Amino acid sequence: MIEDNVRRNFIRKIGLFTGLLFVGNNDILATMKDVINMEGSILKASEGEIWFIGNERKAEVNIKISKTSEHSPEISLLTEKITFGDGIPVHKHLNEEEFIFIQKGRLEVTIGSEIQDAEPGDLIYVPRNSWHGFENKSNEEAIILFGYSPSGFEDYFRAIGTKSIGQNLGFTTDDWIRTNNKYGVVYRN
């Protein structure tokens, strides 16, 4: 019974995600006020809120749909460019479910204790409290579309990001611990 409810909830969220991709949702897209025309609009690949993540990593994350003080959509939507050899260490989210759609490139993905390859068109679903991570072992840049439900975790990228690639984040070990605790993300040792 619980497994059926989890599956139904996942299917409902994927329906919402698909609707956002193909049909649009003006209430959610309205959070991007400077880009969105309330009559309908296209959010261009280059539009959104760009952040460069971490001290050394500097992956480019683009926040497309976000929780704001005026609006709280059910999900957030982001993109990330992952260079060869880069990746996300194995971690889990205490408060959110995550979905990851591979747009370009190939990733080696860890889900729980399993490691699998993911390629363009693959969708990865990660329930909250599930260990997951990935690495780009291909010879090309990978691009993922990903998001969280409920929305709000996108603030983590603002907290650990800089606005320009050359800027130093300046985080100490204590800053990382405090920020990870605040956003409910736990990295596997």
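It should be emphasised that the depicted structure is a prediction, and the values quoted were computed from it without experimental measurement. (Residues numbered from 1 in each chain as written. Predicted model: local features only at pLDDT ≥ 70, side-chain atom pairs only at ≥ 80, totals over all residues. Heavy atoms only, no water.)

Some points on the layout of surface pockets
Here the second largest pocket defines a volume of roughly 400 Å³. Looking at the second largest pocket, it is lined by 26 residues, and the ones nearest its centre are I53, R57, P89, I160 and Y187. Elements that contribute at least two residues to the lining of the second largest pocket include exactly β4 (87–93), β5 (97–104), β9 (132–135), β10 (142–149), α3 (154–159), α4 (173–183) and β12 (185–187). Looking at the lining of the second largest pocket element by element, the count peaks at 5 residues for β4. A per-class count over the lining of the second largest pocket returns 15 nonpolar, 7 polar and 4 charged. (1 Å grid on protein atoms, 1.4 Å probe; cavity = no way out; pocket = protein on both sides within 12 Å on 5 of 7 lines; lining within 4 Å. Points joined across faces, edges and corners; volume = space filled by probe spheres on them. Helix = DSSP H or I, 4+ residues; strand = E, 2+ residues; numbered from the N terminus. Nonpolar A, V, L, I, M, F, W, Y, C, P; charged D, E, K, R; others polar.)

Considerations on the side chain of D86
Relative to the helices and strands, D86 is located in the loop between β3 (76–82) and β4. One polar contact links D86 to R57, side chain to side chain, over a distance of 2.8 Å. Among residues more than four places away in sequence, those in contact with D86 are R57, A59, E135 and N136. (Polar contact = N/O pair within 3.5 Å; in protein donor to acceptor, adjacent residues only side chain to side chain. Contact = heavy atoms within 4.5 Å.)

As for the nonpolar core
Counting residues in hydrophobic clusters, the biggest one holds 27 residues, and the most contacted among them are F134, I144, F146 and F157. For this core, the secondary-structure elements that each account for two or more residues are β1 (49–53), β2 (59–65), β3, β5, β6 (107–111), β8 (123–126), β10 and α3. Sequence-distant contacts of F157, defined by excluding residues within four places in its chain, comprise W51, I53, V61, L78, F146 and Y148. In this structure, I65, I75, L77 and L145 belong to the second largest nonpolar core, which totals 5 residues. (Core = buried A, V, L, I, M, F, W, Y, C linked by side-chain atoms within 4.5 Å. Buried < 20%, exposed > 50% of the residue type's maximum accessible area, 1.4 Å probe, protein only.)

Some points on the confidence of the model for the chain
For the chain, mean pLDDT is 83; residues scoring 70 or higher make up 77% of the total. For the stretch residues 18–38, pLDDT sits under 50, and the model shows 33 contacts to residues farther than four places along the chain or on other chains. (pLDDT = per-residue confidence, 0-100.)

Some points on the sheet that holds β6
The antiparallel open sheet is built from 5 strands, whose spatial order is β7-β6-β9-β4-β12. Either end of the sheet is taken by a strand with one partner, and the two such strands are β7 (114–118) and β12. Taking each pair of neighbouring strands and ignoring which way they run, the sheet shows an average axis angle of 30 degrees. As judged from the 3 bridges shared by β4 and β12, these two strands associate in the antiparallel manner. Each bridged residue has a counterpart across the sheet, and for H93 the counterpart in β12 is V185. (Pairing = 2+ DSSP bridges. Axes fitted to C-alpha atoms, helices over the stretch in contact; angles between N-to-C directions.)

Some details on the side chain of K64
As for its position among the elements, K64 is in strand β2. The charged side chain of K64 is buried without a salt bridge, its nearest counter-charge being E47 at 6.4 Å. A distance of 2.8 Å separates a polar atom in the side chain of K64 from the backbone oxygen of K44. (Lys, Arg positive; Asp, Glu negative; His and termini not counted. Salt bridge = Lys/Arg side-chain N within 4 Å of Asp/Glu carboxyl O.)

Notes on the sheet that holds strand β11 (residues 161–162)
With antiparallel pairing, 7 strands are arranged side by side in an open sheet as β8-β5-β10-β3-β2-β1-β11. Two strands in the sheet have a free side with no partner beyond their single neighbour: β8 and β11.

A closer look at the environment of I50
If you trace the backbone, I50 turns up in strand β1. Exposure remark for I50: the relative accessible area of 22% places this residue in the partly exposed category. Among residues more than four places away in sequence, those in contact with I50 are E60, V61, N62 and K163.

Looking at unusual backbone geometry
Cis geometry marks the peptide bond from S149 to P150; its omega dihedral reads -5 degrees. Notably, N129 is not glycine yet its phi reads approximately 65 degrees, a positive angle. Relative to the elements of secondary structure, N129 occurs in the loop between β8 and β9.

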